[in-house]
Structures are given as C-alpha cells and as structure tokens.
Amino acid sequence: MPYERDVDERYYYWCPKWYWPFAVCSRTRRVHQWCYRFRWYKETGYGFIKNYEGCEGETLYSWWGPCFFCFGSTYWQYPGFESFEMCFNSPRSNSGKCAG
C-alpha cells in the first residue's frame with residue numbers, strides 16, 4: 001500500500017550574473033510524494049518510450065515514461081532485502097496482482 005509524505009526537494013536553475021553569465025543557482029521546495037516499497041522493479045525500453053513495473057506486496061503497479069533510444073529490459077531486485085523504497089510525484093496505476 002503506498003504512503004504519502006512531504007519531502008524537501010532541491011532543484012537547480014540558470015541564474016546569470018553580471019560577472020558570471022553561466023552561474024547555476026539552487027532552491028529547495030517542499031513537494032508531496034507517493035512512496036512504494038517494491039520487492040522487484042523492471043524497466044523495458046521500446047525506443048522512445050519505456051514501460052516500468054513494480055511489485056509491492058501482491059499488487060503490481062505499471063506506468064510509462066519517455067526515454068531516448070532505449071531498448072532492452074532491466075530487472076532490479078536486491079537479495080537480502082525484503083523491499084526497497086521508490087517515491088514519485090504522482091500515484092502509480094494498479095495493474096493487478098504479481099507473483100513475487
């Protein structure tokens with residue numbers, strides 16, 4: 001079951017100065033995130049789009065995202081750990097059940 005929390009996120013932006021036109025500044029903002037504890041996580045690339053899947057408990061979550069020239073599949077699981085945490089700015093969609 002996902003849980004929600006607020007975290008402080010640092011982001012960088014271009015802020016030219018009169019003495020240094022290539023200056024980069026940073027700010028911190030508070031964002032609301034949805035966090036999941038996945039037992040395994042899989043990425044599959046199809047060129048310019050990528051499919052992501054993660055198993056939390058017995059629930060399978062899947063979503064799509066952009067990528068550039070990505071092909072193939074990567075499977076993430078950490079032996080010795082029951083689960084690992086991943087947080088997102090929006091909730092992930094439920095895709096049914098997973099078999100561990």
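See above for the structure.
Residues numbered from 1 in each chain as written. Predicted model: local features only at pLDDT ≥ 70, side-chain atom pairs only at ≥ 80, totals over all residues. Heavy atoms only, no water.

(A) The arrangement of the environment of Met-86 in detail. Within the secondary structure, Met-86 sits in strand β5 (residues 84-88). Taking the C-alpha atoms as reference points, Met-86 and Thr-28, separated by 58 residues in sequence, lie 20 Å from one another. When residues no more than four places from it in sequence are discounted, the contact partners of Met-86 are Trp-34, Cys-35, Tyr-36, Phe-38 and Tyr-41. (Helix = DSSP H or I, 4+ residues; strand = E, 2+ residues; numbered from the N terminus. Contact = heavy atoms within 4.5 Å.)

(B) Region of interest: the pattern of salt bridges. Applying the stated rule across the entire model yields five salt bridges. Note that Glu-43 is salt-bridged to Lys-50, the shortest N-O span being 3.4 Å. The exposure class of Glu-43 is buried, given its relative accessible area of 17%. For Lys-50, a relative accessible area of 16% gives the class buried. (Salt bridge = Lys/Arg side-chain N within 4 Å of Asp/Glu carboxyl O. Buried < 20%, exposed > 50% of the residue type's maximum accessible area, 1.4 Å probe, protein only.)

(C) Quick look at the environment of Phe-84. Along the chain, Phe-84 falls in strand β5. By relative accessible area, which is 15% here, Phe-84 ends up buried. Here the alpha-carbon distance between Phe-84 and Trp-40, two residues 44 residues apart in the chain, equals 8.2 Å. In this view, Phe-84 contacts Tyr-36, Arg-37, Phe-38, Arg-39, Trp-40, Tyr-41, Trp-76 and Tyr-78; residues no more than four positions away in its chain are not counted.

(D) Up close: the packing of aromatic side chains. Summed over all chains, the structure comprises 18 aromatic pairs. Considering the side-chain rings of Tyr-52 and Trp-63, the 5.6 Å spacing of their centres and the 15° angle between planes classify their relative orientation as stacked. In this pair, Tyr-52 is assigned in strand β3 (residues 40-56) and Trp-63 in strand β4 (residues 59-76), connecting sequence segments 11 residues apart. Taking the relative accessible area as the measure of exposure, Tyr-52 reaches 15% and is therefore buried. (Phe/Tyr/Trp six-rings, centres within 6.5 Å; stacked < 30°, edge-to-face > 60°.)

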